[in-house]
Amino acid sequence: MTNTISFPTEQLLSLWSDYGNSKIGSTELIKSIKKIRRLREVSIDINYRCNFSCSYCSYGFKELHKKELTIKEWQRVINECINQGARLFALAGKEPLIDSRFREILLYLRNIKDSKNLEFISGLITNGWFLKEKADELVDTGLNYLDVSIDGHKDIHDANRLPGSFDRAIAGLLIAQEKGIADKLFISSVLHAKNYRDLPSFIVDLYHKGVRHFSISLLYATPSVPKDLLFTKEAIEIFLNDLLPTGLSTLSDASNLEIVIDIFTSSLPYLREMVTDGTININEIYMDDIGSLFNYQTLPNGCIIHKRFSLDHLVY
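When helices and strands are tallied, the chain shows 11 helices and 10 strands. For the chain, the proportion of its 316 residues judged to be buried stands at 52%. For the chain, long-range pairs separated by at least 24 residues make up 73% of all intrachain contacts whose partners lie at least 6 apart in sequence. When the accessible surface of the chain is totalled, it reaches about 14,800 Å², and 50% of it is carbon and sulfur.

On to the pairing of strand β10 (residues 304–309), then. With five of its six residues buried, β10 lies for the most part within the structure. With five bridges joining them, strand β7 (residues 258–262) and β10 adopt parallel strand pairing. From the neighbouring strand, D262 faces β10, where its bridge partner is R308. When strand β9 (residues 293–298) meets β10, the two strands line up antiparallel, connected through six bridges.

A separate point is the side chain of H306. Among the secondary structure elements, H306 is positioned in strand β10. The residues touching H306, leaving out its near neighbours within four places in the chain, are E258, I259, V260, I261, Y286, F294, N295 and Y296.

With that out of the way, let us pick up the pattern of salt bridges. The tally for this structure, following the rule as stated, stands at seven salt bridges. The shortest N-O distance in the salt bridge between D136 and K179 comes to 2.9 Å. Residue D136 is found in helix α5 (residues 131–138), and its partner K179 is found in helix α7 (residues 165–179); the two are separated by 43 residues along the sequence. Look at D136 and you get exposed, because its relative accessible area is 54%. For K179, a relative accessible area of 38% translates into the label partly exposed. Across the pair E258 and K184 runs a salt bridge, and its minimum N-O distance is 3.5 Å.

Time to look at α5. An α-helix turns once every 3.6 residues. As a result, residues three or four positions apart point the same way. Three or more residues of α5 are buried, namely L131, K134, A135 and L138. One side of α5 holds all its buried residues, which, seen down the axis, span an arc of 140°. In this structure, the buried side of α5 is in contact with α4 (101–116), β3 (121–126), β4 (145–149) and α7. Immediately downstream of α5, the backbone of D140 shows phi near 65°, a positive value.

A few words on the nonpolar core. Of all hydrophobic cores here, the largest spans 64 residues; its most connected members are F89, L248, L257, I259 and I261. Top contributing element to this core by residue count: helix α9 (residues 233–248), with seven residues. With residues near it in sequence (within four places) discarded, L248 still touches P200, I203, V204, L257, I259, L299, N301, C303 and I305. The next biggest cluster of nonpolar side chains, apart from the first, holds nine residues, and it includes C54, Y56, L219 and V225.

Next up on the list: the environment of R49. Looking at the element boundaries, R49 is found in the loop between β1 (41–45) and α3 (71–83). Through-space distance from the C-alpha of R49 to that of P96 is 8.4 Å; in sequence the pair is 47 residues apart. Beyond its immediate stretch of four places on either side in the chain, R49 contacts E68, K94, E95, I98 and D99. At 2.6 Å, the side chain of R49 and the side chain of D99 are in polar contact.

Scoring rules and cut-offs
Residues numbered from 1 in each chain as written. Predicted model: local features only at pLDDT ≥ 70, side-chain atom pairs only at ≥ 80, totals over all residues. Heavy atoms only, no water. Helix = DSSP H or I, 4+ residues; strand = E, 2+ residues; numbered from the N terminus. Buried < 20%, exposed > 50% of the residue type's maximum accessible area, 1.4 Å probe, protein only. Contact = heavy atoms within 4.5 Å. Areas by Shrake-Rupley, 256 points an atom, 1.4 Å probe, with all protein chains shown as cover. Pairing = 2+ DSSP bridges. Salt bridge = Lys/Arg side-chain N within 4 Å of Asp/Glu carboxyl O. Arc of directions from axis to C-beta. Core = buried A, V, L, I, M, F, W, Y, C linked by side-chain atoms within 4.5 Å. Polar contact = N/O pair within 3.5 Å; in protein donor to acceptor, adjacent residues only side chain to side chain.

Structural data, given as structure tokens:
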């Protein structure tokens, strides 16, 4: 299972720079990425079931298949992905904690890491509804990170998720934190028109509860997304440049606070605009071990804000 595939970092950075500076078009960019990109991240959807029906869910609600893979089949898939160079595995869906199969997959990943002396990241993404009840099953599974989806304070979160889901997610979160279920515990939020003004104070409140890692994803505008959740590029800039830094400034020392903002969209012209207006600074880009591109800034109180944009998203 030894991976000997090197990641084409310089080539990808060069392509991104050429695209941002309008030296190449979107068609050439996508063709070039397809030629050199490598499998680095794997989302493991062990089921297509969820107790929520969030209007902005990127999965959608149409049943795509009737048969779920068995644990043995997933093991073969994982082995092949590792052979292809994958270094991050995330149990993402549709809601992994809705049954107990997640534990077998996580233990398999942990055993591979231990027996083969491989380094890769394993994570689990959950809406938090079942987290309190399933917490003990996650102990000792080798999770590098646990990602709990909460979109803001109770009134905002429950309005777009499920009544009572905020309280259940917070209760599960605190238990997961107490039990040390993962190396890192993330709160993951979808940024939309009704929560972007609330999120900074929400982050501060959760910080005081001991949460140090936050992930924010820009709303992916599928046809089912309600119009009142859509927001403008100007609103994004207000959030990034004003609301978030100002809200976090209430923390005198936030040197252990880390926020990752996923900036990806199906609109390539929009990405180019973000380069030209400086939202994405192509002169200050670095790449992590799984091939994601970042800009980052450090606020005066020490908080680090990463702006993450993966070139792979442009391919899809």
